[in-house]
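Results of the structural survey
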Amino acid sequence: MKTSSNHSVYSSAGRIFLSTTTWAIALFVACANAESRQHSLLDLSLEELASLPVISVSKSAKPVSDSSASIFLITGNDIRKAGAASLPEALRLAPNLQVAQVDARNYAITARGFNNPFENKLLVMIDGRTVYSPLFSGVYWDAQDVVLEDLERIEVVSGSGGTLWGANAVNGVVNIVTRSAEDTQGTLVSVSGSDHERYASTRYGGSLGNGYYRVYVKHAQHEDTQTENGFSTDTGFKRDQAGFRMDWSRGIDTFTLQGDAYSGRLQQRGTNDIEISGANILTRGSLQFSSGSTLSLQAYIDHTQRDQPNAFAQNMNTLDIEIQHQLAMGNRQSIVWGAGYRYITDRIDNEQNFAFLPDDVNMSWKNIFVQDEISVAENIKLTLGSKWENNPYTGLEAMPGMKLGWKPDPTKLVWANLSRAVRSPSRIDRDLYAPTNPPVVNDIPQYSIAGGPNFVSEIANVFELGYRSQPVARVSWSITAFYSEYDKLRTLELNTPAPGLVFKNMAEADTYGMEVWGSWQIFSDWRLHGGLAVQKIDVTLKPGSMDLSNTTGLANGDPDYSWMLRSEYNVSDRIEINSMLRYVDKVDGFNLPAYTALDIHLSWEVTSSLQLSLVGQNLLGEHTEFGTAPGRSEFEPGVFAKLVWSL
Amino acid sequence: MLVLGIHRQTATVKISRSRIVTSHSKVWLFLFASIFLIFGFSKTYAQQTLLDYQVKAAMLYKFLGYSSWPDNRFSDSHSPYRICVLGADDIRNELQDIVADRVINNRSIEIHSAASIDQIVDAHIVFVSSRMEKLLPKLSALAEKNSFLIVTENTHGLVPGSIINFRMVDKRIGFDISLVTAQDYGISLSSRLLSVAISIKERRY
């Protein structure tokens, strides 16, 4: 034993010595090469420099105009111009998202249908950290916040993103990206509010050695909304959050460390407040090699606590690690491959009405993916890829995809996308029982809901066709047509011969539609943006299905179409008038009427460091956005004011 | 994975504690060794390929020789050229490395970087990276007074306020030139420079 153990130490020491030597030689050669290159480059003529083939390692993301996907980019500047009050409100800028405010703290947000507050087909990430809850595969929007002024962009991809992003990215991916600490230097104070909501945040950014940092605190609170028949919904909230972000770069390599912590009280009708709290810490590094390859590593720990009286108290910890490597193979192929591991401990204290059983679980997910972008011809790119994810419920799921992009000239892109997306089960599909302590007859517990022991993954096969063009510098537009076939959608069925109901996969659906948007710079001081989404969702139950899930289940909350028009007008260097007019068609499932909403935002840069905003909200009158009468929330005209002071 | 790790520990704990440590450190040592090997090699091969920022840095240096500024932009005939880089540490570092002992028109070259407009002092060339483009409106007002040769890297081409814009065409770095903006800022560009440009924007009368 001892000998072999010593031997292994020697051999690894030998490896270390070998590798260190190799590395030292490599470094020496590299330096020597670099030295000679520097001189030779400067001695070339401009013509010669312009004729050298180069590899782009620029940190800026691949331009959206090159992406073979229905991707809409909301920039930090768009959010400022819109005068958005909160993160979910900022998402209204994306024409390819359905955003419906349910009450003061709940939103139903998705793309391409199946919308409800327990929506489960949209993947949402904040700086690479997944914020959907494995309890129900959806997002608790009442627990997510960022300092809006520090947002770099929000990438909204409608359609399947499973090949890159994995399970849950069935109908879309929302990628919220905050600015680098380098771009948020100095002090910023932002205070905003209306008669029903108030926000205040302070951020300070400075430098630290050869890097940068920022720290922030934010307070948010919202009054209860009122229902159509004049009652309070008791859904107001107060939430405090603090966080930091540090960024270092060395040459083209970058390193980020960031974290947030929050705590809040959310009202709930007839009970004590829901208490939420959480914290996360994330680190991400990106190494770019001169060969053109990039290695990215990301790891985070996330803690979430939600004590919801009369429902459950959840205490969840997540560890997530991801590695991604991008490299060029020859002149024609660009390969991205990676792997990920997620480990979750979920502790639930159940109450009387329903229970998640088992109450304590430890779960892990593992994935690998590979994607190859092949330049078939000068202007045609074929992308083949797949992700394989192992989940604790159904084992291995494959999410393959194929994309074809053709650029007839640099200003046009025609693309097609074929992919398979998967929503793997979450706890609500498998572990939900009601009531918690059922009567037992002949040793059989008489549950009214008895989990979903045989629930498997929901599947979608998605086909998309798109065209994007910038015919002249002032005009750009995009159109996407999609057709998706869903299978094994969740239904609630009789648990025969046992009592009660169970979750099964007994529905299928066809959806089709299109998404169009564009922008037009009419004059140098006036720009118009427009967007339209049309969709048709046909759900059919399989033979033998009784689906009793009703409103919590399938597609009840989706309008057939919605459109928006945004105008950005610079009255002068310091004054802007921006407005957004949007229409959302009626929702038959809820007997919800169509509505048109108009927001007008007057922004005045009082001095270079002080900006004052006034937003007239819902100027065309009150409207409702989700649910059935008379208990649904009604949103009234109001004035929202904001003051941003930066030093 | 965690479960596996625990099993292995309980299995080996009977043998000896030091064995566990060695076997773990062996794995780590091997991992690090491999990573160093891989990265070491890739860093070596690295230098055979050119990176976009290296060529951009070399071109920025070249632009100095093909442009002329109003006399009042120099305190004397030997005062240095200054290049200010906004938001591109890679280009700044590369420039600092390569121009150290270089002289153009009897002038040495100084490289600065700035995180905001106020930090741009007396620059002759201002390089604005794509993520700092939002500063262009304010910067161009300043450039009219101070004759900055503003260089950008917008993938779609020239942006308002920029005189030269780098653009990748067929895996090569090319550039567009706006003579209109150059005239507005009081900078003259040599015909040699114009002859290499992909496109030239001229004033139409």
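In what follows, the structure referred to is the one given above.
Residues numbered from 1 in each chain as written. Chains lettered and ligands numbered in written order. Predicted model: local features only at pLDDT ≥ 70, side-chain atom pairs only at ≥ 80, totals over all residues. Heavy atoms only, no water.

Describing the overall build of chain B
Put simply, the test is: To qualify as a helix, a DSSP run of H or I must reach at least 4 residues; to qualify as a strand, a run of E must reach at least 2; elements of each kind are numbered from the N terminus. Categorising residues by exposure relies on relative accessible area from a 1.4 Å probe, with only protein chains included: less than 20% of the type maximum marks a residue as buried, more than 50% marks it as exposed, and the intermediate range marks it as partly exposed. Contact criterion: two residues are considered in contact whenever any of their non-hydrogen atoms come within 4.5 Å of each other. Each accessible area value is a Shrake-Rupley result obtained with a 1.4 Å probe; residue values ignore everything except the protein chains displayed when judging cover.
When its secondary structure is counted, chain B shows seven helices and 10 strands. Buried residues in chain B amount to 50% of all 205 residues. Within chain B, residue pairs in contact and separated by at least 24 positions form 56% of the contacts whose partners lie at least 6 positions apart. Taken as a whole, chain B presents about 10,600 Å² of accessible surface, with 56% of it coming from carbon and sulfur.

Notes on the overall build of chain A
Definition in use: Neither His nor the chain ends is counted toward charge; the positive residues are Lys and Arg and the negative residues Asp and Glu. Working definition for charges: the position is that of NZ of Lys, CZ of Arg, CG of Asp or CD of Glu.
Helix and strand counts for chain A stand at six helices and 39 strands. Across its three principal directions, the C-alpha atoms of chain A cover 85 × 80 × 45 Å. Going through the 647 residues of chain A one by one, you find that 52% of them count as buried. Taking the contacts inside chain A whose residues are at least 6 apart along the sequence as the reference set, 59% of them involve residues at least 24 apart. Within the structure as shown, chain A displays about 27,700 Å² of accessible surface, and the carbon and sulfur contribution to it stands at 59%. Chain A carries 53 positive and 72 negative side-chain charges, and their two centres are separated by 4 Å.

What about the nonpolar core?
Quick reminder of the rule: For this analysis, a nonpolar core means a set of buried residues of the types Ala, Val, Leu, Ile, Met, Phe, Trp, Tyr and Cys, connected via side-chain atoms within 4.5 Å.
Of all hydrophobic cores here, the largest spans 66 residues; its most connected members are Met59(B), Phe63(B), Leu95(B), Leu139(B), Leu149(B), Phe175(B) and Leu189(B). Top element by residues in this core is helix 3 (residues 52-65) of chain B. It accounts for nine residues. Within the second largest apolar cluster, 38 residues are counted, among which are Ile74(A), Val146(A), Ala169(A) and Trp517(A).

A short note on the packing of aromatic side chains
This is how it is decided: Working definition: rings of Phe, Tyr and Trp (its six-membered ring) pair if their centres are within 6.5 Å, and the pair is stacked with planes under 30 degrees apart, edge-to-face with planes over 60 apart, and tilted otherwise. In this analysis the charged atom, NZ for Lys or CZ for Arg, is taken to sit over a ring once it is within 6 Å of the ring centre and within 35 degrees of the ring normal.
Enumeration according to the criterion identifies 20 aromatic pairs over all chains in this entry. Note on Phe118(A) and Phe136(A): the rings are 5.5 Å apart at their centroids and 80 degrees apart in plane angle, and the pair reads as edge-to-face. On the criterion of sequence distance, the pair formed by Phe118(A) in the loop between strand 3 (107-110) and strand 4 (122-126) and Phe136(A) in the loop between strand 6 (132-133) and strand 7 (138-139) is long-range, its members being 18 residues apart. Looking at Phe118(A), the relative accessible area reads 44%, which means it is partly exposed. What makes Phe136(A) buried here is its relative accessible area of 4%. Taken together, the ring pairs in this structure connect Phe63(B), Phe127(B), Phe166(B) and Phe175(B) into an aromatic cluster. One Lys or Arg, Arg107(B), reaches over the ring of Tyr81(B) and ends 5.8 Å from the middle of that ring.

Let's talk about the pairing of strand 7 (residues 164-169) of chain B
All names here are of chain B. Quick reminder of the rule: We call two strands paired when DSSP finds no fewer than two bridges between them.
Across two bridges, the pairing between strand 6 (residues 149-152) and strand 7 is parallel. Pairing of Val151 across the sheet is with Ile164, part of strand 7. Relative to strand 8 (residues 172-178), strand 7 runs antiparallel, the two sharing six bridges. Its bridge partner being in strand 8, Asn165 is matched across the sheet by Asp176. As consecutive antiparallel partners, strand 7 and strand 8 are separated by two residues, and within that stretch Asp170 has a phi angle of approximately 50 degrees, a positive value.

A few points about the packing of helix 3 of chain B against helix 4 (residues 89-98) of chain B
Residues and elements named next belong to chain B. The test is simple: Whenever a helix is involved, its axis is fitted only over the stretch in contact; in every case the axis is a line through C-alpha atoms, and angles between N-to-C directions fall within 0 to 180 degrees. Angular relationships are summarised with four words: roughly parallel below 35 degrees, roughly antiparallel beyond 145, roughly perpendicular across 65 to 115, and oblique for the angles in between. Two helices that cross are described as forming a left-handed crossing if the nearer one is turned anticlockwise from the farther one by less than a right angle, and a right-handed crossing if clockwise.
Packing of helix 3 against helix 4 leaves a shortest axis separation of 9 Å and a crossing angle of 55 degrees. Taken together, helix 3 and helix 4 sit at an angle that is classed as oblique. Considering how the two elements wind past one another, helix 3 and helix 4 form a crossing that is right-handed. Touching Tyr53, Gln54, Lys56, Ala57, Ala58, Leu60 and Tyr61 of helix 3 are Asp90, Ile91, Glu94, Leu95 and Ile98, all from helix 4.

Topic: a nonpolar patch on the surface
Put simply, the rule reads: What goes into a patch is any residue over 30% in relative accessible area without a salt bridge, connected to like charges within 9 Å or, for nonpolar side chains (Val, Leu, Ile, Met, Phe, Trp, Tyr), within 5 Å. What makes a salt bridge here is a side-chain nitrogen of Lys or Arg within 4 Å of a carboxyl oxygen of Asp or Glu, nothing more.
A contiguous nonpolar surface patch, about 630 Å² in accessible area, is contributed by Tyr569(A), Val571(A), Ile577(A), Ile600(A), Leu602(A), Leu614(A), Leu619(A) and Val639(A). Looking at the element boundaries, Leu619(A) is found in the loop between strand 36 (610-617) and strand 37 (623-624).

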